[in-house]
Amino acid sequence: MNISYNWLKRYINMPDDAQTVAKILTSIGLEVGTVEEVETIRGGLRGLVVGEVLTCAPHPNSDHLHVTTVNVGSEVLPIVCGAPNVAAGQKVIVATIGTVLYDGDQSFTIKKGKLRGEDSFGMICAEDEIGVGSDHAGIIVLPQDTPVGMQASEYYHVENDTLIEVDITPNRSDAASHYGVARDLYAYYQAHGQNISLQKPSVDAFKVDNHDLQINVKVDNTEACPRYSGVSIKDVTVQESPEWLKKALTTIGLRPINNVVDVTNFVLHECGQALHAFDADKVKGNQIIVRNAKQGQKFVTLDGIERTMDERDLMICNAEEAMCIAGVFGGLDSGVTEQTKNVFLESAYFDPVTIRKTSRRHQLQTDASFRYERGCDPNNTLYILKRAALLIQEVAGGTISMEISDNKFADFTPWDVTIDINRVNSLIGKAIGEDKIETILKALEIEIVKKNGSIWQLAVPRYRVDVQRECDVVEDILRIYGYDNVEFPEKLNTSLAYGQKPDPIALQRRIAEQLTAQGFYEILNNSLTKVAYYEPLQDLTLDSCVKIMNPLSQDLGVMRQTLLFGGLESIARNVNRKNGDLKLYEFGNCYHYSNEKRKEERANTDPLIAYSEEPHLGLWLTGNKTAQSWVRKEEKTSFYQLHAYVNAILTRLGVDMPKTNFERIHNELYQDGLIIKAQNGKALATIGIVARRVLKQLDIDQEVYYADLDWKQLLKQNKQYKAVINDLPKFPEVKRDFALLVDKSVEFADLARAAFETEKKLLKNVYLFDVYEGKNLENGKKSYALSFILQDAENTLKDTQIENIMSRLKAKFEEKFNATLR
């Protein structure tokens, strides 16, 4: 949320500059993102001056251009102008050489030039070209008494301001306005002994002028709308807003529309309460009805989009039709336009849950819904209504033409909270004194109803939706007092704690450090992901996703079942920015829903049984392993490179790799790959080449290799692992090779497993160093070249032992795989 420093000063006489105020806001829980110096008109109109057109003649080589000479005070400039209304004797705004003009996000610089053969050393400007209006019909013509050479910034009263971007947390709706921020600053200054004042705009001047425009209000759904206030204003003049109002809105990034609508936006950002202004002549039957929409009802909103309403959506209607989605967005045909003469002004309190659900259903997030769904002040509707009505009268004229209609269906009494001062001091970690606590509470507008020793009864204003418990009050006291003011004691007490074995955090850190040392970058993606990723899948189906009941969007509609897509999004983003050589890893949880478990009998007592959450580790490789240089050629990443990284992780975690099983993967996420399984048959990891269909879905054109490690299973493997320290072997190892002719269906993993089953003591390792398929081999056959490493820790191996082992291995391969030696 953008906060204008100058706007803040309307309510509080701050002794500090904007940078200091930003630091104070962050310290009291209103975290500041950025602090930016701004001008009420972009560029500050630098380089623009008032000039006088001395001569104006038709361009000799054009039927619409004019050649002029313009006195800008310091010199006379030749300028070619295409405006139809340019004439000698006019006072105009001139952009001199070097001036930068802005058009949205684009900018251009005025330079010397020739237009069809005539010199042009500047530009005579229209309103829209310098940001002071939207008219482009002709150049700006100023009053004749405007001094030549006067800076345009002085003429248009350009002001400097500082924009403070405050990141409002969902629980602090009370601070979602300039006055709300000023109120928190006031509490801070009061608590720190600075006697400053907080000024709330007065509405004492509000009065009913006549009863010429009576509009009746009826609320059918009082739960969704516990309070609805409204008043009519007759004979308004809808036009462009005055400068002060336009500047206030443009400074915080809002586009002025007209004086009536601008007032509602101004009050929204001033006090945090949304309003809506209806064209009263379009309120058919002179009746406002607050009711739910009919299922399937069509309604065209202010943006021109026809929307299908849900029966749970709250609508503001007239006697015949809907006019507005309550608390969210106005209708196309009921708003205020330049033809509007009479206005009905709405100020209401809507149920936050109702507004939030409607906003999410229709994917409409507006300034109004942002505040309503977080909770506005139900006791403030009348003040807001009067404040807006007075401002409308100030900028648009008109008369208040009915008594305020205030429809209130609940008693919005303050929150009753009891605190124990001893507990307050205990939670804070310091005794800050009852006088200080009382000062802070009063500054926060929290009333102390009764004191009974250390027990205080408080009345917390309804606008503080986040302060309803003792701990909430303590948090409020502490943030205003200052976290930095709570000193660490000289003595710290602690107690012994027994950690888990294995410690999952320590193991995760160990593997993370290993991967980082190998050149990987850690990523962290949102657990919420796109529905579209799972719609075409048959294994990880959409039905097995954990669905979000009220998603912010379809991009965040389900919880991820795999880390794959988040990593691919990161890859796509980097590839699109010319960074295509990537090694990424992520630790994260995956989530699953089982409809079968949901049907189990015990699901009646444990509804969460259908849901599961499992930790995983994902690895992604793509692009080049090494870049081309004078030393070596470019080398692409490969499946085997990723396989080596996975093996290193499993080995580090204590997995006995020779005893693991490898199976070919059959999965729609991969073109090809392997599953690594433990001796008990549990899958430890999958490694593969990501399927092209999946890559195409994310617009990735290069090969991506992905490994998914089941962290829960790996922790179980690590729990069984015991590190054993052995002396270095004193006796040499022996290497023997076989070239085996086997069926194409036989995998190396099958041969290695059979070898270890045959010789469990002396066989230390098996390597595959060549695979051949081609000429001179029978159909359906392939050749594997294997190396066997044999070693005895206690003796030198004898030839007879070696020959015996190799004979048994040969016999095993012939028996189990019908293999023959080449």
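Residues numbered from 1 in each chain as written. Predicted model: local features only at pLDDT ≥ 70, side-chain atom pairs only at ≥ 80, totals over all residues. Heavy atoms only, no water.

> Would you explain the side chain of Asn258 in this entry?
Checked against the element boundaries, Asn258 lands in the loop between helix 6 (243–251) and helix 7 (259–271). Classification of Asn258 as buried rests on a relative accessible area of 5%. Among the polar contacts made by the side chain of Asn258, one reaches the main-chain amide nitrogen of Val261 at a distance of 2.9 Å. When residues no more than four places from it in sequence are discounted, the contact partners of Asn258 are Val238, Gln239, Ser241, Val336 and Thr337. (Helix = DSSP H or I, 4+ residues; strand = E, 2+ residues; numbered from the N terminus. Buried < 20%, exposed > 50% of the residue type's maximum accessible area, 1.4 Å probe, protein only. Polar contact = N/O pair within 3.5 Å; in protein donor to acceptor, adjacent residues only side chain to side chain. Contact = heavy atoms within 4.5 Å.)

> Would you take a moment to explain the packing of helix 11 (residues 421–428) against helix 13 (residues 470–481) for this structure?
To describe two helices that pack against each other, one gives the angle between their axes and the distance between the axes. Contact geometry of helix 11 with helix 13 gives a least axis separation of 10 Å together with a crossing angle of 60°. Taken together, the axes of helix 11 and helix 13 lie oblique to each other. Every pair of crossing elements has a handedness; the one defined by helix 11 and helix 13 is right-handed. Contacts between helix 11 and helix 13 involve Arg423, Val424, Leu427 and Ile428 from the former and Glu470, Val474, Ile477 and Leu478 from the latter. Considering only residue class, the contact of helix 11 with helix 13 consists of 6 nonpolar, no polar and 2 charged. (Axes fitted to C-alpha atoms, helices over the stretch in contact; angles between N-to-C directions. Parallel < 35°, antiparallel > 145°, perpendicular 65-115°, else oblique. Left-handed = near helix turned anticlockwise from the far one by under 90°. Nonpolar A, V, L, I, M, F, W, Y, C, P; charged D, E, K, R; others polar.)

> Would you explain unusual backbone geometry in this entry?
Outside of glycine, negative phi angles account for most residues, and trans bonds account for most peptide bonds. Positive phi, normally seen in glycine, also occurs at Asn286, with a value near 45°. Along the chain, Asn286 turns up in the loop between strand 15 (275–279) and strand 16 (287–292). Judged by its relative accessible area of 33%, Asn286 is partly exposed. In the Ramachandran plot, Asn818 falls in the positive-phi region, its phi being about 55° despite a non-glycine side chain. Within the fold, Asn818 resides in the loop between helix 21 (799–817) and strand 43 (820–821).

> Where do I start with the sheet that holds strand 2 (residues 32–39) in this structure?
Backbone-to-backbone hydrogen bonds pair the strands of a sheet. The strands run either parallel or antiparallel. Read across the sheet, 3 strands follow the order 1-12-2 without closing on themselves; strand pairing throughout is antiparallel. The sheet is open, and its two edges are formed by strand 1 (2–4) and strand 2, each paired on a single side. Neighbour to neighbour, the strand axes of the sheet diverge by 25° on average, direction disregarded. In this sheet, strand 12 (residues 160–166) lies alongside strand 1 in antiparallel orientation, the contact comprising 3 bridges. By the bridge assignment for strand 12, Ile3 is matched with Ile164. In this fold helix 2 (residues 18–27) packs onto strand 2 and strand 12, with an angle of close to 15° to the strand it touches most, strand 12. (Pairing = 2+ DSSP bridges.)

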